[in-house]
Amino acid sequence: MNYNWNWGIFFQPNPMGTGTYLDMLLSGLALTLKTAALAWVIALITGSLVGVMRTLPSKGANWFGFAYVEFFRNMPLLVQLFLWFFVLPELLPKGAGTWLKQLPNAPFWTAAIGVGFFMSARVAVQLQAGIGSLPRGQKMAATALGLTTAQGYRYVLLPMAFRIILPPLTSEFLNTIKNTAVAITIGLLELTGQARSMQEFSFQVFEAFTAATILYLLVNAVVVTAMRFLERWVAIPGYITGK
Amino acid sequence: MKHFRHIGLALAATFVVSQAGAQELTGTLKNIKDTGAITLGFRDSSIPFSYLDDNQKPVGFAMDICYKIVDAVKKELKLDKLEVKLNPVTSATRIPLMANGTIDLECGSTTNNAERQKQVSFTNTHFLTASRYVFKKSSGLKSIDDLKGKTVVSTAGTTNIKQLTEANVAKGLGANIIPAKDHAEAFLMVETDRAVAFVMDDILLASLVAGSKNPDDYAVSKDAFSKPEPYGIMLRKDDPAFKKVVDAATAALYTSGEAQKIYEKWFTQKIPPKGLNLNTPISAELKNEFAKPTDSPNPDDYK
């Protein structure tokens, strides 16, 4: 290997004039976290709605949930972001398309919503599986108590199902963070994007991507720890997810 | 006593070997001689410098220059046969592949600047390009000042986006600058009216326009964001013996007038695979550089 290692590069000023190279990476990290947080909120809300729909007695709701999941789950994320960003505005009426294209921060919103919808399909499947894993008697008991379907979900099924799927949801959350890296394809300069910029400017490839790797690992460690606390906090003794 | 004599002999032998070693080949040249092969890194879509033609064979202006260098290396090492291996590279892989010895020369459109010279070396400049912008003729842009308050795109991680950002501040344009992943997507942003202009090396803009659906719809600005910057063929750093051979080869090629013929073949005539013509005659600066070849990363040295 004939490579000129230079770990001091992080403290040298970056050519964009926005501080050091480290500042560049940290601003990318901030954008990664913002994008991931918004995407995860979208994924949790829509994913839960669709997941519930897939377990409802209604055929229509079932079918919609099925179509939604298959649509968002089966297309590569890279292709989806490209479609939302470049193709969708061309299919809209001209005025609406232009409005959409000229939105400030369009790459950020497209990335957050795009990753959010993609992950929501996965959350939906998790939740469906969680609800499906409950004994059938639970639903019947809820009905016998005089609860409506909505109340049955709210007070009996969902609290149980969410506890069961908390560990897999942790890994979905981690996936959401990692998936924001795809957003460089639509020009969002998040952590991976900034690492690439740093590599192009300074030619210090390995330093740039080592730093990015470490930052991703740190973020993921924080998330995993936080989720462990959450799991312990919501655990109910005696239940399958309890201690 | 016998032992001592042996040690003395061994020492003498070591001395002789190391003396001979000083004249032997080192680094890349030694490696090429030992393996009988040299590896060129090429780009798959850097038209017309280095790209794949319809037979998936790498061709281009920089490839032609690299083959001339290969001839010179072959002559220098007095080899009857020198195998040329071809290895695709991207902007993300060219440094690791150069560092770990996979490629010996990178034949593409890599800008030679002082920052990068800390990591690699370049041979004599083979092209000069300035940052300009491409726009739709229908948008009626004329100068850099016309970009005031408009959305402008450039490729992330390039010197061009840096120059655009600087001009934006210096001239108080208030333009909305968005980064794109690569040149194709940046051009797509102009094509779909997401941005009014794309700031990039003028030669790359010329090739994007030539390859677009309606080349007549686009024009490249007269105004430039920078002085002409040099492109160089990249090689490993700290290998003076190899660099000397490569520099001599490119210098001979450029000063002989042959380089200008190769230039005309790629920049003023129809090129494969689609018969595009970039219509870019040689600039005065490049003509001067060919007369007096240099590997300087400083744009001020090319006037």
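So, how was this worked out
Residues numbered from 1 in each chain as written. Chains lettered and ligands numbered in written order. Predicted model: local features only at pLDDT ≥ 70, side-chain atom pairs only at ≥ 80, totals over all residues. Heavy atoms only, no water. Patch = residues over 30% accessible without salt bridge, like charges linked within 9 Å, V, L, I, M, F, W, Y side chains within 5 Å. Areas by Shrake-Rupley, 256 points an atom, 1.4 Å probe, with all protein chains shown as cover. Salt bridge = Lys/Arg side-chain N within 4 Å of Asp/Glu carboxyl O. Helix = DSSP H or I, 4+ residues; strand = E, 2+ residues; numbered from the N terminus. UniProt positions renumbered as here; feature names shortened; annotations may be inferred. Core = buried A, V, L, I, M, F, W, Y, C linked by side-chain atoms within 4.5 Å. Buried < 20%, exposed > 50% of the residue type's maximum accessible area, 1.4 Å probe, protein only. Domains from an automatic or database assignment. Contact = heavy atoms within 4.5 Å. Arc of directions from axis to C-beta. pLDDT = per-residue confidence, 0-100. Pairing = 2+ DSSP bridges. Axes fitted to C-alpha atoms, helices over the stretch in contact; angles between N-to-C directions.

1. Some remarks on a nonpolar patch on the surface
Residues Met1, Trp5 and Trp7 of chain A make up a contiguous nonpolar surface patch of about 400 Å² in total accessible area. Among the secondary structure elements, Trp7 of chain A is positioned in the segment before helix H1 (21–53).

2. A few points about the UniProt feature "domain: ABC transmembrane type-1" (unreviewed entry) in chain A
On the UniProt side, "domain: ABC transmembrane type-1" (unreviewed entry) is annotated at positions that read residues 29–227 of chain A here. In this annotation, residues 29–227 of chain A is assigned 82% helix and 0% strand; the end-to-end C-alpha distance for the span is 20 Å.

3. Regarding the nonpolar core
Counting 117 residues, the largest nonpolar core has Phe61, Val73, Leu105, Val153, Phe198 and Phe267 of chain B as the members making the most contacts within it. Examining the composition of this core, we find that 10 residues originate from one element, H1 of chain A, more than from any other. Split by domain, the residues of this core number at least three in each of domain 1 (28–128 + 229–301) and domain 2 (130–227) of chain B. Sequence-distant contacts of Phe267 of chain B, defined by excluding residues within four places in its chain, comprise Pro48, Phe49, Phe61, Phe127, Ile203, Asn277, Leu278, Asn279 and Thr280 of chain B.

4. Some thoughts on helix H10 (residues 258–267) of chain B
Every α-helix carries 3.6 residues per turn, so stepping three or four residues along brings you back to the same face. Among the residues of H10 of chain B, Ala259, Ile262, Tyr263, Trp266 and Phe267 of chain B are the ones counted as buried. Relative to the axis of H10 of chain B, the buried residues are bounded by an arc of 115° and lie together on one face.

5. A closer look at the pattern of salt bridges
Residues and elements named next belong to chain B. Counted according to the given criterion, the structure contains 16 salt bridges over all chains. In this structure, Asp295 and Lys243 form a salt bridge, with 2.7 Å as the shortest nitrogen-oxygen distance. With Asp295 in the segment after helix H11 (284–291) and Lys243 in helix H9 (residues 240–255), this residue pair connects regions lying 52 residues apart in the sequence. Relative accessible area serves as the criterion here: at 26%, Asp295 is assigned to the partly exposed category. On the accessibility criterion, Lys243 (16% relative accessible area) is buried.

6. Considerations on the confidence of the model for chain B
Residue and element names in this part refer to chain B. Averaged over all residues, the pLDDT of chain B equals 90, while 92% of them reach at least 70. Scored below 50 in pLDDT, residues 14–22 makes 0 contacts in the model with residues more than four places away or belonging to other chains. Interface predicted TM-score (ipTM) for the complex: 0.80; the corresponding pTM is 0.86.

7. Section: the environment of Gly152 of chain A
All names here are of chain A. Turning to its location among the elements, Gly152 is positioned in helix H7 (residues 149–164). Looking at Gly152, the relative accessible area reads 5%, which means it is buried. For the pair Gly152 and Gly130, spaced 22 residues apart in sequence, the C-alpha separation works out to 15 Å.

8. Side note on the sheet that holds strand E11 (residues 176–180) of chain B
What links the strands of a sheet is backbone hydrogen bonding, and the strands pair in either a parallel or an antiparallel sense. All names here are of chain B. Spatial ordering of the open sheet is given by E11-E10-E12-E9-E13, a layout of 5 strands whose pairing is mixed. Either end of the sheet is taken by a strand with one partner, and the two such strands are E11 and strand E13 (218–220). Adjacent strand axes in the sheet meet at a mean angle of 30°, parallel and antiparallel pairs treated alike. Note that strand E10 (residues 151–155) and strand E12 (residues 197–201) share 3 bridges and pair parallel. Looking at E12, one finds that Val152 is bridged to Ala197. The strands touched by helix H7 (residues 183–191) within the sheet are strand E9 (131–136), E10, E11, E12 and E13, with E12 carrying the most contacts at an inclination of about 150°.

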